[in-house]
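Now for the letters of each chain:
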Amino acid sequence: MTNLQSPRPHHSLIAVVTAVALLAAACGGGGDEAGDAAPATTAAPAVTTTAAPATTAATTTAAPATTTEAPATTTAAPATTTEAPATTTTTTTTTTTTTTTTTMAPLTATWRGVTEDSIHIAATTIDFPWLVDNGFSPNGWGDQTLVWETMVADLNARGGINGRQVVLDAVRPFSAIPGFGIAADAVCLEVAGDLETFAVLGGFLGPAEISNICITGPQNTILIGGRTDEERLSQAQAPWIESGTMVKRRMDVFASLLAQNDLIAGRKFVIIGRSDTEETYDVAGESMLAQGAEVVLELLSDETGGDTEAEDAWWDVMVERVRSSGADAILMAGGDRAALRNLFYAGIDLELFIMNSETLSSLSSNVTPEMADGAITLTGLTEQEQFETQGSQTLCIEPFEAAHPDIVVGTPDTHEDGIEKWWRSIMTHCSQLLLFEMVASSAGPVLTHDTFREAMESIPQMSLPVCPFGSLAPGKVDFCDAFRLSTYSDDGSDNGLIVPLTEIMDGTP
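My aim in this report is to walk through the structure given alongside it, one point at a time. (Residues numbered from 1 in each chain as written. Predicted model: local features only at pLDDT ≥ 70, side-chain atom pairs only at ≥ 80, totals over all residues. Heavy atoms only, no water.)

1. Some words on the pairing of strand β10 (residues 268-274)
For the record, the criterion: For the exposure calls, accessible area comes from a 1.4 Å probe over protein chains only, and a residue counts as buried if that area is under 20% of its type's maximum, exposed if over 50%, partly exposed in between. To qualify as a helix, a DSSP run of H or I must reach at least 4 residues; to qualify as a strand, a run of E must reach at least 2; elements of each kind are numbered from the N terminus. Strands are labelled as partners when DSSP assigns at least two bridges between them. Whether a crossover is right-handed depends on one test, that the path from the first strand over the helix to the second runs clockwise when the strands point away from the viewer.
Along β10, six of the seven residues are buried, which leaves the element largely enclosed by surrounding structure. In terms of strand pairing, β10 meets strand β11 (residues 294-301) through seven bridges, oriented parallel. The residue bridging I272 from the neighbouring strand is L299, located in β11. One crossover worth recording links β10 to the parallel β11 by way of helix α9 (residues 278-290), and it is right-handed. Across four bridges, the pairing between β10 and strand β12 (residues 329-332) is parallel. The partner of I272 across the bridge, within β12, is M332.

Written out as structure tokens, the structure reads:
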């Protein structure tokens, strides 16, 4: 048994709640969905088609001028010339103009939540007031219901979607931690069952992610948001779009970027994962081997998070295996916080590669910035870069400020704890609504699950305010394709700082 250098706190509830409370990156793309975009392009609604007038130009046909000239005859009398007058013949063809107008059939009800003049949606949000009131987060995201209502009103002022207005039936908060606060399953039954909604935007995050299946499975309702994986998608009946990037694909991209930046060759890697995210762990091993990595040890923990004492007991044995493996680097594909904590206490110094940037943007109460200093991770744009994109400003921030001039939206770079993150809420929910608008507009006036799914499979390149490169295609339901490597720095603050290492890359498959 290893003698630890200092005592380790065991605050399992605080660890889980704090991690979830700081899932801002998960919701808004600050870590995995980030992007510096030109304004998001929204497909235009169907319009009445008018054929251009058929025009036949006037045609003038002129017979050539004919001159008959008698030959000059010379006698004693003066020469006499006789000239026939020139004759011109002109034929005129009358112009005929025909206008053909195709009138679009009147809109009708096409699906549950789609009437002749409206599309009904609902939204879910993390219950930040509960987190703040219980001391688990220093600030919230402002009035998220107000943000949703403002964004929907702006969409309707721009004409809605294919001639229909969007009706926001409900905005419901949920607790990201099962057993505390408002249960995600209960929210699902309300927004996707009790209400006649066509789609739910936002979804559930953190440990509550499993409840997303309730929306797309038993309730058979379209979902924009949440976190997908192969198992969850296999249970879904309705179309489901993740606005960020699936964990499985992020891991493959991470390994590729590490190789491209010469961060794999010459290192001996440990790969650590957790059984509840075993798919990601498997992809990590496959991807690193494909990139030529030397993997000297692979560890898969059965501890699924939240029980600090159980995690640390498992690591008491594993640290010795790591120490004797000869590894000088570790790739974390699950169980990141427990790994950081225990490797630090054991005095094992490895180069840290952490695929999930949310581990670093939401360190729990028993992981300090010092433990993660120097870690390399996968991100998109910083929140400030997201805020400064033209799309975020013109499509999201400016409409909200125009509607609510008395609210100080703030900026990521000037934010202080205790002040509501209005900018994060606005960019997140605006992007979710724009993604729905994009696909629903492309689906056309006959809006059903089938036409929505067909539209999902035909977006080879698009952007959102928080993600400059995105796409949807057959078999690809995660939108964002914008990636970069970043590093974590212990800057002396309580949270540390994630600093970009590379430029944003277009990772569209």
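2. Describing the environment of L497
For clarity, the threshold we go by: Contacts are assigned to residue pairs with any non-hydrogen atoms lying within 4.5 Å of each other.
Inspection of the secondary structure assignment puts L497 in strand β18 (residues 497-500). Remark: the alpha-carbon pair of L497 and L360, spanning 137 residues in sequence, is separated by 8.5 Å. Beyond its immediate chain neighbours, meaning those up to four positions away, L497 contacts T487, Y488, S489 and D491.

3. Some remarks on the pattern of salt bridges
Selection criterion: Salt bridges are defined as contacts in which a side-chain nitrogen from Lys or Arg sits within 4 Å of a carboxyl oxygen from Asp or Glu.
One pass over the full model with this rule turns up 20 salt bridges. The partner of R172 in a salt bridge is E190, and the shortest N-O contact between them spans 2.8 Å. A residue pair is termed long-range when its members are at least 10 positions apart, and R172 in strand β6 (residues 165-174) and E190 in helix α5 (residues 184-194) qualify at 18 residues. By relative accessible area, which is 29% here, R172 ends up partly exposed. Residue classification places E190 among the partly exposed residues on the basis of a relative accessible area of 25%. Of the charged contacts in the structure, one is a salt bridge between R249 and D478, with a shortest N-O distance of 2.9 Å. Of this pair, R249 sits in helix α8 (residues 247-260) while D478 is found in the loop between β16 (467-472) and β17 (482-489), placing the two residues 229 residues apart along the sequence. It is possible to trace a salt-bridge network through shared partners that takes in R249, K476, D478 and D481.

4. What to know about the packing of helix α16 (residues 422-443) against helix α17 (residues 449-456)
Packed helices, taken two at a time, are described by their axes: the angle between them and the distance between them. Our working definition: For helices, the fitted line uses only the C-alpha atoms of the stretch in contact; every axis is such a line through C-alpha atoms, and the angle between N-to-C directions lies from 0 to 180 degrees. Roughly parallel refers to an angle under 35 degrees, roughly antiparallel to one over 145, roughly perpendicular to one between 65 and 115, and oblique to any angle outside these ranges. Crossing handedness follows the turn of the near helix against the far one: under a right angle anticlockwise gives a left-handed crossing, and clockwise gives a right-handed one. Classification convention: Asp, Glu, Lys, Arg as charged; Ala, Val, Leu, Ile, Met, Phe, Trp, Tyr, Cys, Pro as nonpolar; all other residues, Gly among them, as polar.
Running from N to C, α16 and α17 cross one another at 110°; their axes reach a closest spacing of 8 Å. When the axes of α16 and α17 are compared, the pair comes out roughly perpendicular. Judged by the twist between their axes, the crossing of α16 over α17 is right-handed. Where α16 approaches α17, its residues F436, V439, A440, S442 and A443 are matched on the opposing element by T451, F452, A455 and M456. Among the residues making up the contact of α16 with α17, the classes are represented as seven nonpolar, two polar and no charged.

5. So, the packing of aromatic side chains
Heads up, the rule is: Pairing of aromatic rings covers Phe, Tyr and the six-membered ring of Trp, with a centre-to-centre limit of 6.5 Å; geometry is then stacked below 30 degrees between planes, edge-to-face above 60, and tilted otherwise.
This structure, assessed with the given rule, holds ten aromatic pairs. Their ring planes at 80° and their centres at 6.1 Å tell us that F198 and F452 sit as a pair that is edge-to-face. Of this pair, F198 sits in the loop between α5 and β7 (199-202) while F452 sits in helix α17, and the two are 254 residues apart along the sequence. For F198, a relative accessible area of 1% puts it in the buried group. The exposure class of F452 is buried, given its relative accessible area of 0%. Judged by centre distance (5.6 Å) and plane angle (50°), the ring pair of F269 and F353 falls under tilted. You can see F269 sitting in strand β10 and its partner F353 sitting in strand β13 (residues 351-356), a full 84 residues away along the chain. In this structure F353 comes out as buried when scored by relative accessible area, which is 1%. Counting every residue linked through ring pairs, the aromatic cluster contains F198, F436 and F452.

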